Amino acid sequence: RQHRAGGSKRAGWSGRSFSWEAVHGAGQRLSWAVTLFDLFCSQSSLELGALWRGVSLAASVHVQPQLAQHPRPPVVPTPIACADDQRLLWMERLLRLARLAGSRGEVPVAAVVLDGRGRCLGWGTNQRQTRQDPLGHAELVALRQAAGLRGDWRFNDSTLLVTLEPCPMCAGALIQARMGTVVFGAADPKRGALGGCLDLSIDPSAHHPMVVLGGVLAAEAQDLLAGWFRQQRRQQRLDRSTRPSGRREAPFQAD
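Residues numbered from 1 in each chain as written. Predicted model: local features only at pLDDT ≥ 70, side-chain atom pairs only at ≥ 80, totals over all residues. Heavy atoms only, no water.

Examining the overall build of the protein chain
Along its length, the protein chain carries seven helices and five strands. Written out in order from the N terminus, the α and β elements of the protein chain read α-α-α-β-β-α-α-β-α-β-β-α. Residue burial in the protein chain is summarised as follows: out of 255 residues, 31% are buried. In the protein chain, the share of contacts with a sequence separation of at least 24, taken over all contacts with a separation of at least 6, comes to 59%. (Helix = DSSP H or I, 4+ residues; strand = E, 2+ residues; numbered from the N terminus. Buried < 20%, exposed > 50% of the residue type's maximum accessible area, 1.4 Å probe, protein only. Contact = heavy atoms within 4.5 Å.)

Let's talk about a positive patch on the surface
Judged by side-chain charge, Arg128, Lys190, Arg191, Arg230, Arg233, Arg234, Arg237, Arg240 and Arg243 come together as a positively charged surface patch. Residue placement: Arg240 occurs in helix H7 (residues 218-242). (Patch = residues over 30% accessible without salt bridge, like charges linked within 9 Å, V, L, I, M, F, W, Y side chains within 5 Å. Areas by Shrake-Rupley, 256 points an atom, 1.4 Å probe, with all protein chains shown as cover. Salt bridge = Lys/Arg side-chain N within 4 Å of Asp/Glu carboxyl O. Lys, Arg positive; Asp, Glu negative; His and termini not counted. Charge placed at Lys NZ, Arg CZ, Asp CG, Glu CD.)

Considerations on the nonpolar core
Core analysis: the largest hydrophobic core is formed by 40 residues, its most contacted members being Val113, Phe155, Leu161 and Met179. The contacts of Phe155, once residues within four sequence positions are left out, are Val113, Leu121, Leu143, Ala146, Ala147, Arg150, Ala177, Arg178, Met179 and Gly180. (Core = buried A, V, L, I, M, F, W, Y, C linked by side-chain atoms within 4.5 Å.)

Notes on the sheet that holds strand S3 (residues 159-164)
Here we have five strands laid out as an open sheet, ordered S2-S1-S3-S4-S5, and mixed in their pairing. Of all the strands in the sheet, the pair left with one neighbour each is strand S2 (120-125) and strand S5 (211-214). Recorded for the sheet is a direction-independent mean angle of 15° between the axes of neighbouring strands. Pairing geometry for strand S1 (residues 110-114) and S3, over four bridges, is antiparallel. What sits directly across from Val113, in S3, is Leu160. Contacting S1, S2, S3, strand S4 (181-186) and S5, helix H3 (residues 84-103) crosses the sheet at an angle of about 50° to S3. Strands in contact with H7 are S3 and S4; relative to S4, the strand with the most contacts, it is inclined by about 60°. (Pairing = 2+ DSSP bridges. Axes fitted to C-alpha atoms, helices over the stretch in contact; angles between N-to-C directions.)

A look at the pairing of S4
Counting buried positions over the six residues of S4 gives six, a clear majority of the element. Pairing between S3 and S4: five bridges, direction parallel. Along S4, the bridge assignment pairs Leu160 with Val182. Between the parallel pair S3 and S4, the chain is carried across by helix H6 (residues 168-176), and the sense of this crossover is right-handed. (Right-handed = clockwise from strand over helix to strand, strands pointing away.)

Overview of H7
Here H7 contains 25 residues, and its C-alpha end-to-end distance of 36 Å stays within 8% of the 36 Å for a straight helix at 1.5 Å per residue. Of all the residues in H7, the buried ones are Ala221, Leu224, Leu225 and Trp228. On its buried face, H7 is in contact with H3, S3 and S4. (Expected span 1.5 Å × (residues − 1).)

Regarding the pattern of salt bridges
The final tally for this structure, using the stated rule, is three salt bridges. Asp157 is the partner of Arg150 in a salt bridge, and the nearest nitrogen-oxygen pair spans 2.7 Å. Residue class for Asp157 comes out buried when judged on its relative accessible area of 18%. Asp152 is the partner of Arg154 in a salt bridge, and the nearest nitrogen-oxygen pair spans 3.4 Å. By relative accessible area, Arg154 is classed as partly exposed at 39%.

Here's the deal with unusual backbone geometry
Despite not being glycine, Gln132 has its phi angle at roughly 50°, a positive value. With respect to the helices and strands, Gln132 occurs in the loop between helix H4 (128-131) and helix H5 (138-150). Located in the positive-phi region is Leu217, a residue other than glycine, with phi close to 55°. Within the secondary structure, Leu217 sits in the loop between S5 and H7.

Observations concerning H6
Those residues of H6 that sit buried are Cys170, Ala171, Leu174 and Ile175. One face of H6 carries all of its buried residues, which in axial projection span an arc of 140°. The inward-facing, buried residues of H6 contact H5, S3 and S4. A positive phi of about 60° marks Arg178, the residue just after H6. (Arc of directions from axis to C-beta.)

Observations concerning the packing of H3 against H7
At a closest axis distance of 11 Å, the pairing of H3 and H7 adopts a crossing angle of 5°. With respect to their mutual orientation, H3 and H7 come out roughly parallel. Within the contact between the two elements, H3 uses Leu95, Ala98, Arg99 and Gly102 and H7 uses Glu220, Ala221, Leu224 and Trp228. Looking at side-chain class alone, the contact of H3 with H7 contains five nonpolar, one polar and two charged residues. (Parallel < 35°, antiparallel > 145°, perpendicular 65-115°, else oblique. Nonpolar A, V, L, I, M, F, W, Y, C, P; charged D, E, K, R; others polar.)

As structure tokens, this is what we get:
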């Protein structure tokens, strides 16, 4: 009797488990049927086709549960392929922003981060003098803003455009951010780190492959920078000439 009772108990537990699965499956089928009926009434063929593909996929997984044990490999996002007209358009906007930054006493450099669909995620200009921040480069300002908006620090499918070739600090930050593509205007043979004085994008320490494209409106960007530095040097000479001079001592004369 004990053996028979134990067997009936196990059978009842397995039957209860099967009944719960059946109820769950019936509920799913009912929800799919209601959604299909709503879509039929709204005559949304695109949504209906998408839902039908989802129902078919769920049914195939239910019939063949071994497929769920081998998920597909993750899809690696590819960098956005900006057309030439898009690069020119964004670089013209950045040059206008850089000119405004130069009028505030900052080095005229501006940057923008675009997502995989070409939408602006973040932008920035140099702010080292304004904020007295040694990290206030345009690329880092744009990166920080884009990461806050996106909620992620990875930018494999994104593109950064900047008017001047990034320095070693900014180039290293772009590599760490997994930036997909970097487009810059004027080259910097003294401090540029993406082909100017060195190229961190092809360095063995660069664990992330990054596409680099330079020379977009390079002449305009170079003229803007050269004119700004020329004006700064002229202003410094003017300040020294108008500065009140103190008492000058007689020059030393040997006997």
